[in-house]
Amino acid sequence: RKGSVIITGASSGLGLATAKALAETGKWHVIMACRDFLKAERAAKSAGMSKENYTIMHLDLASLDSVRQFVDSYKRSGRPLDVLVCNAAVYQPTAKEPSFTAEGFELSVGTNHLGHFLLSRLLLDDLKQSDYPSKRLIIVGSITGNTNTLAGNVPPKANLGDLRGLAGGLNGLNSSTMIDGGEFDGAKAYKDSKVCNMLTMQEFHRRFHEETGITFASLYPGCIATTGLFREHIPLFRLLFPPFQKYITKGFVSEDEAGKRLAQVVSDPSLTKSGVYWSWNKASASFENQLSQEASDQEKARKIWELSEKLVGLA
Ligand code: NDP
């Protein structure tokens, strides 16, 4: 049978390119989990994906009710689940004020981390039950959360501190909107959320890999300077960032190439190792990359897991 893969945020950028790459093989049915149905349908059409290779399902990660509804409808659809890709993200580098999810969490961490945390926890059993040769849970990470890299050292740097803001609910009322308890900073909130993504992948690996056989992985696909992720940045940045990445840092990858990389992490028979953060070298070969100290801190991973469970209503 065909593999079934859910990709969140498949209506643009990396998610769409990955959906396209997998659909084209004819071996995968892609469930595009998106907040904007029409946009996703148009995107799939213009990417040339054929109808029998995908299904669009509504999912708004900025609402835990929506996450629960998505999981219910998926379970009722009777489809097996072989791979889950947590890809969607918001990035608000120029926001002066925080925005919030339906439950009142700061939007970047609420969407990128907490929404995906609940989604993957609720779908873990379905992955476990899959009889597919290699079942996988992939959470897209980023270099920007890794302070052991040049890109990760551009201020404001990711820093989760002692997690006091997360413990307080990130709501701006009785707690800070930032995980470390500091002043709101949209760019930092995004980087912090990516550190949570990478720590969550490793915590999943420690808790569930042996028992379930699921491969847990994260990756940095390269700098895809052309995606919608930078839509809220100032116009001059959006103009200069792609050529800067292409000619100066040489970290630039096209959406197509990045999609092929993520598609490898989904389906390549040689990428079954669990607990790995994948990156690609200049020749586009994959390798196991090192995470920064904070992004591999086991104690922090455990604390984030437990605090997140409380916030999303699992504990
Ligand atoms: P895009 O902005 O193009 O894609 C993000 C996707 O997330 C969109 O489909 C968007 O939906 C979706 N999304 C946002 N909020 C929600 C929500 N509340 N519920 C459901 N879906 C939502 O950015 P990229 O493709 O660049 O980003 C994809 C992933 O790649 C992210 O995890 C990002 O951190 C990571 N990444 C990107 C890099 C880059 O250089 N671009 C580098 C490293 C990692 P909609 O279309 O409706 O807006």
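Please refer to the structure placed before this passage.
Residues numbered from 1 in each chain as written. Predicted model: local features only at pLDDT ≥ 70, side-chain atom pairs only at ≥ 80, totals over all residues. Heavy atoms only, no water.

Participant: Give me the pairing of strand E2 (residues 28–34): which residues, what numbers.
Facilitator: Counting buried positions along E2 yields seven of seven residues, so the element is predominantly enclosed. Here strand E1 (residues 3–8) runs beside E2; their pairing, made up of six bridges, is parallel. In the strand pairing of E2, Ser4 is matched with His29. In terms of handedness, the path from E1 via helix H1 (residues 13–25) over to E2 forms a crossover that is right-handed. Direction of pairing for E2 relative to strand E3 (residues 54–58): parallel, over a ladder of five bridges. For Val30, the partnering residue across the bridge sits in E3 and is Tyr54. (Buried < 20%, exposed > 50% of the residue type's maximum accessible area, 1.4 Å probe, protein only. Helix = DSSP H or I, 4+ residues; strand = E, 2+ residues; numbered from the N terminus. Pairing = 2+ DSSP bridges. Right-handed = clockwise from strand over helix to strand, strands pointing away.)

Participant: How would you summarise the layout of surface pockets if you had to cite specific residues and measurements?
Facilitator: Taken as a whole, the second largest pocket encloses approximately 200 Å³ of empty space. Lining the second largest pocket we find Gln202, His205, Arg206, Lys273, Gly275, Val276, Tyr277, Glu288, Asn289, Gln290, Leu291 and Ser296. For the lining of the second largest pocket, the secondary structure elements donating two or more residues are helix H6 (186–212) and strand E7 (276–280). It is H6 that contributes the most residues to the lining of the second largest pocket, three residues altogether. A class-by-class count of the residues in the lining of the second largest pocket yields three nonpolar, six polar and three charged. (1 Å grid on protein atoms, 1.4 Å probe; cavity = no way out; pocket = protein on both sides within 12 Å on 5 of 7 lines; lining within 4 Å. Points joined across faces, edges and corners; volume = space filled by probe spheres on them. Nonpolar A, V, L, I, M, F, W, Y, C, P; charged D, E, K, R; others polar.)

Participant: I'd like to hear about the environment of Tyr132, residue by residue, with values.
Facilitator: Tracing the sequence through the fold places Tyr132 in the loop between helix H4 (107–129) and strand E5 (136–140). C-alpha separation for the pair Tyr132 and Ala95, spaced 37 residues apart in sequence, amounts to 43 Å. When near neighbours in sequence (up to four residues on either side) are disregarded, Tyr132 contacts Arg1, Lys2, Gly3, Lys27, Trp28 and Asp82. (Contact = heavy atoms within 4.5 Å.)

Participant: Describe in detail the pattern of salt bridges, supporting the description with residues and values.
Facilitator: A complete count under the given rule lists 18 salt bridges for this structure. Among the ionic pairs, Lys75 bridges to Asp126, the shortest N-O distance being 2.5 Å. A residue pair is termed long-range when its members are at least 10 positions apart, and Lys75 in helix H3 (residues 64–77) and Asp126 in helix H4 qualify at 51 residues. What makes Asp126 buried here is its relative accessible area of 15%. Among the charged side chains, a network of salt bridges with common partners joins Arg1, Asp82 and Asp131. (Salt bridge = Lys/Arg side-chain N within 4 Å of Asp/Glu carboxyl O.)

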